[in-house]
Amino acid sequence: MCGIIGYIGKKDTLPVLIQGLRRLEYRGYDSAGIAIINDQKIQRVRSVGKIDTLAEKVKDFDLSGTVGIAHTRWATHGGVTEENAHPHVSLDGKLAICHNGIIENYRELKDELEKKGFTFVSETDTEVLAHLIGSLYSGNLVSSVEAALMRVRGTYGLVVVHADHPDMIVAARMGSPLVIGVGKGEYFVASDATPLLPYTSDMVFLDDGEVAVISRDSFETFSKTHTHVEKEVTTIEWSEAEAQTQGYPHFMIKEIFDQPTVFEDAIRGRYDLEEGTARLSGLNMTDTQMRSVKRVILIACGTASYAGMAGKYAFERLAGIPTEVDVASEFRYRDPIIDSETLVFGISQSGETADTLAALREAKRKGAFVRGIVNVVGSTIARETDGGTYIHAGPELAVASTKAYTNMVAILILYALQFGRLKRLTPATGQRVLKALLEVPHKMNRVLEMREKIKEIARTYKDYHNMYFLGRGINYPIALEGSLKLKEIAYIHSEGYQGGEMKHGPIALLSKDFPVVAIMAKDQLYEKMRSNVEEVRARGARLLLIATEGDESAKSLADDVIYVPETMELLQPLVNTLPLQIFAYEIAVALGRDVDRPRNLAKSVTVE
Ligand code: M6R
C-alpha cells in the first residue's frame, strides 16, 4: 500500500527520493509526490499515475536541496487526484507531511479546524493532520507534531519537514511501519527497508507510539510521553542485487526462479540429519513447553494461509497435533477458543499484514504461545511475536507471492518435524522427511526447466473467462494457490475446489468453455482424484493435468499434461505449486497484464 521515503544528508535529495519511490512501486500506488526544502521554502510536486510521470514533471521545478520527503499513495480517503496525493502542506505552505495509515477521527478534527478558518483542498485525512500540526506550531516542530498526535485516533507512519527547520525530519509511528536507514552523515526514513538497500544495511525500526527526530548526523527517539528511547541498529542481510529483476522481465518470474536457491537458504543449518529432526532455534520454548502443546493454530491471509493449509497436514501427520488454519480477518471476530496449551503461528511475508497482526494480538491476549513465520526482517509481526523464524526468501517484490509461499511451507514442515521428534516420530522417519526435503531444490529446478512447455500450454488457456483448480489432500491448498495466482495477475475468474466436492454442486458449471486444472499426483488419494478427473472429463471440459512423472495414463485422460517429479506427499506443495505459478504468469503476460503490480492489489496490506 502507500509508501514513504525521506532523506536528510549532504546529497542532492531529489534523485534519492525518485529512486526510493521507484523501489516502493511494488507496494501498489496510484499517485505520488515529493516535497523538498529549498531556499527556506517547501517545494512540492505531485502527480497521478506512475513514478515516470512524476520524474518528468519534477524537471520543470527547482528541487535542489538536501532534505526531503516523498510518498506513493494508494487511495483510501478520496479519489485518485493530484489534490489528494501526498505530501500535504500546512496552510502557510511551510510544513509538509507524508502519511501512511488512517486517521479515524479526521472528520471531527476537520470540523474543528474549519471552524477556526482552515480551508481544505483535498479529501484526505492527511491534510487534516498537516493543518492540525500547523495550527499547533509556534516554533518547535517536534512538540507540535507530538501535540497533534495526542489528538489523533487511528494509525500512522508519518514524516514531516518544515521550511524553518531545514536540518530535521520528524517521523512518527502508530500501527504503520517506519524504518530509519543509518548512513554516514546522512539518514533515510522509509515505510520499509527495500528503498534503503542501495544506501545502507543498518536499520532502526520504530515502535508504535515512538517519534524520531532525524538530523544529518544523528537521530533521537522518544516515547509518547517524550521520554528518550534507546534504539538498536539491526543489520539487514538482504542485498541490493536481490531487489533487482536481474535480467528477468518481471520480479514475479525472477522470484519463481529464485525458489530452489532461497529454499536452501530457508533450511540451511536448521536440521540435524543424524537425529532426524529440525533445529529451529528462534521458537523460545523449552522442550517441556513444546510437548505441552495440544493444539496449533496457523493464522494468515491469502497465499500465506494456503501455505498454512499445507503446514496443517505436516503438523497433524508428523507431530500428531490437531491443527487449524484460520484466515486472520475471521479469527479475531469469532471469539476463538484459546488456552495456554495452544500454539499460534502468524505466517506473513511482509510481517505487516494488519489482519494477521490484529489476530495475533488477540491470541496473545488470550494466553496462547504466539510465534511468527515471517520474511521481512524487523517487521511488526516479527517484533511483536515472542519468537519464531525468518523464512529467508529475500526481498519479494512482485505483488503475487511465490517464493515466500514455498519457504513458508518449508519452515512449517521443519517445525512439524521438530515437534514430531519430541512427541512421537522415530529418528528414521525424521531422516526420511529430511532426505526428501534435501531433494526439493533439484525437483524445483526440473519443473523450472519446463517453463517453455508450460508457457506453450498456458497461452492456449488465456482466452477463457473461468477455470476450476482441483486437488485433494495436500494438493487441495495447491489448487487454491494456483487459482489465486491466476485471479490476481491474469484477472481470470477461477476457483479452487477439493476434487471430491465437484459433484456436490460446482460440476454444474462445467462445459467446453470452462476448463479445469487438476493436480493428480501419485499419492494416497490418486485413485480418488482420478475418478474426480473422469467426472470432469465426462462433462466435456477442457482438462489440464498436473501429473506425476511416469504416469502415462494421464495423457489419455487430459487435453494437456504437465509432469512433475514424484515427491513425498507432505512435500508436494514445494514442487507441484511451481507449474501453476508459471501457468498464471505466462497467461498474465500473454494478456498484457501488469504482472508485478496487478490492479487493485497492494503488496503489503496494512489496513483491515
Ligand atoms: O505479507 P503477507 O504474507 O501477510 O500477505 C498476505 C496476503 O496479502 C498475500 O499473500 C496475498 O494474498 C498475495 N497477493 C498473494 O499472492
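Below is a summary of the structure that appears in this document. (Residues numbered from 1 in each chain as written. Predicted model: local features only at pLDDT ≥ 70, side-chain atom pairs only at ≥ 80, totals over all residues. Heavy atoms only, no water.)

**Digging into the pattern of salt bridges**
Cut-off, in case you're wondering: The term salt bridge refers to a pairing of a side-chain nitrogen on Lys or Arg with a carboxyl oxygen on Asp or Glu at a separation within 4 Å.
The full count for this structure, using the stated rule, is 46 salt bridges. When the shortest N-O distance is used, the salt bridge between K443 and E439 registers 3.3 Å. Through salt bridges with shared partners, a single ionic network connects R173, D208, R361 and E384.

**Points about the packing of aromatic side chains**
For clarity, the cut-off: Pairing of aromatic rings covers Phe, Tyr and Trp, the last counted by its six-membered ring, and requires centre-to-centre distances within 6.5 Å; plane angles under 30 degrees mean stacked, over 60 mean edge-to-face, and any other angle means tilted. Helix and strand assignments come from DSSP, with helices taken as H or I runs of at least 4 residues and strands as E runs of at least 2, each series counted from the N terminus. Three exposure classes are used, based on accessible area relative to the maximum for each residue type with a 1.4 Å probe and protein chains only: buried under 20%, partly exposed in between, and exposed over 50%. Any Lys NZ or Arg CZ that is within 6 Å of a ring centre and within 35 degrees of that ring's normal is treated as a charge sitting over the ring.
Tallied over the full model, the rule gives twelve aromatic pairs. Ring centres 5.1 Å apart and planes at 50° place the aromatic pair Y7 and F188 in the tilted group. Here Y7 is found in strand β1 (residues 3-8), whereas its partner F188 is found in strand β10 (residues 187-190), with 181 residues between them in sequence. Of the two residues, Y7 and F188, both sit in the buried class. Ring geometry for Y468 versus F514: centroids 4.6 Å apart, planes at 35°, classification tilted. In this pair, Y468 is assigned in strand β23 (residues 466-471) and F514 in the loop between β24 (493-498) and β25 (516-520), connecting sequence segments 46 residues apart. Judged by its relative accessible area of 2%, Y468 is buried. With a relative accessible area of 6%, F514 lands in the buried category. By the ring-pair criterion, three or more aromatic residues cluster together here, those being F315, F345, Y415 and F419. Here the guanidinium or amino end of R542 rests over the ring plane of Y461, the centre of that ring lying 3.8 Å away. Positioned above the aromatic ring of Y491 is the side chain of R599, whose terminal nitrogen or guanidinium carbon lies 3.8 Å from the ring centre.

**Points about the sheet that holds strand β7 (residues 156-162)**
Hydrogen bonds between backbone groups are what pair the strands of a sheet, and the pairing can be parallel or antiparallel. Under the convention used in this document: The pairing criterion is simple: DSSP has to find at least two bridges between the two strands. Only heavy atoms enter the contact rule, under which two residues are in contact if any of them lie within 4.5 Å. For helices, the fitted axis covers only the stretch in contact; all axes are lines through C-alpha atoms, and the angles between them, taken along N-to-C directions, range from 0 to 180 degrees.
Here seven strands make up an open sheet; going across it, the order is β5-β6-β7-β8-β12-β13-β14 and the pairing antiparallel. Every other strand in the sheet has two partners, leaving β5 (88-89) and β14 (228-229) as the edge strands with one partner each. Contacting β5, β6 (95-100) and β7, helix α4 (residues 125-136) crosses the sheet at an angle of about 140° to β6.

**Structural notes on the state of the cysteines**
Note the cut-off: The disulfide definition used here is simple: a pair of cysteine sulfur atoms within 2.5 Å.
A complete count under the given rule lists zero disulfides for this structure. Lacking any disulfide linkage, C98 is separated from the closest cysteine sulfur, that of C2, by 10 Å. With no disulfide of its own, C301 lies closest to C2 among cysteine sulfurs, the gap being 18 Å.

**With respect to helix α6 (residues 251-267)**
Stated formally: In this scheme, a helix's expected span is set at 1.5 Å multiplied by one less than its residue total. Consider a residue and the seven residues that end there alongside the seven that start there; fitting an axis to each set, the bend is the angle between those axes.
With 17 residues, α6 should cover 24 Å at 1.5 Å per step; its first-to-last C-alpha distance of 23 Å lies within 8% of that length. Along its length, α6 reaches its greatest deviation from straightness, about 50°, at Q259, and the proline P260 lies no more than four positions downstream. The buried fraction of α6 is high, at 13 of 17 residues. Directly after α6, the chain includes G269, whose backbone phi takes a positive value near 70°.

**Focus on the environment of N600**
Topologically, N600 is positioned in the segment after α19 (573-590). Note on N600: relative accessible area 65%, which makes it exposed. Along the primary structure N600 and E264 are separated by 336 residues, whereas in three dimensions their C-alpha atoms are 33 Å apart.

**Section: the site of the ligand**
Under the convention used in this document: Proximity criterion: a residue is near a molecule or strand once any of its heavy atoms comes within 4 Å of it. For the purposes of these results, a polar contact is taken to be a pair of N or O atoms within 3.5 Å, where, inside protein, one atom must be able to donate a hydrogen and its partner to accept one; residues adjacent in sequence count only when each atom of the pair is a side-chain atom. Residue classes follow a fixed rule: Ala, Val, Leu, Ile, Met, Phe, Trp, Tyr, Cys and Pro count as nonpolar, while Asp, Glu, Lys and Arg count as charged, and any other residue, Gly among them, counts as polar. Boundaries of every domain are those given by an automatic assignment or by a domain database.
With respect to spatial proximity, 15 residues lie near the ligand, and among them S348, Q349, S350, T353 and E488 are the closest. T303 is positioned such that a nitrogen or oxygen atom in its backbone is 3.1 Å from an oxygen atom of the ligand. Looking at the shell around the ligand, the elements with two or more residues in it are α8 (302-319) and α16 (475-490). Of the residues belonging to the shell around the ligand, the class tally is six nonpolar, seven polar and two charged. Taken together, domain 2 (246-438) and domain 3 (448-596) each give at least three residues to the shell around the ligand, which thus spans both.

**Some points on the pairing of strand β11 (residues 202-205)**
Inspection of the sheet shows strand β9 (residues 179-182) paired to β11 by three bridges, in the antiparallel sense. Note on β11: the bridge partner recorded for V179 is F205. Relative to strand β15 (residues 234-235), β11 is paired through two bridges, and the arrangement is antiparallel. The residue bridging M203 from the neighbouring strand is T234, located in β15.

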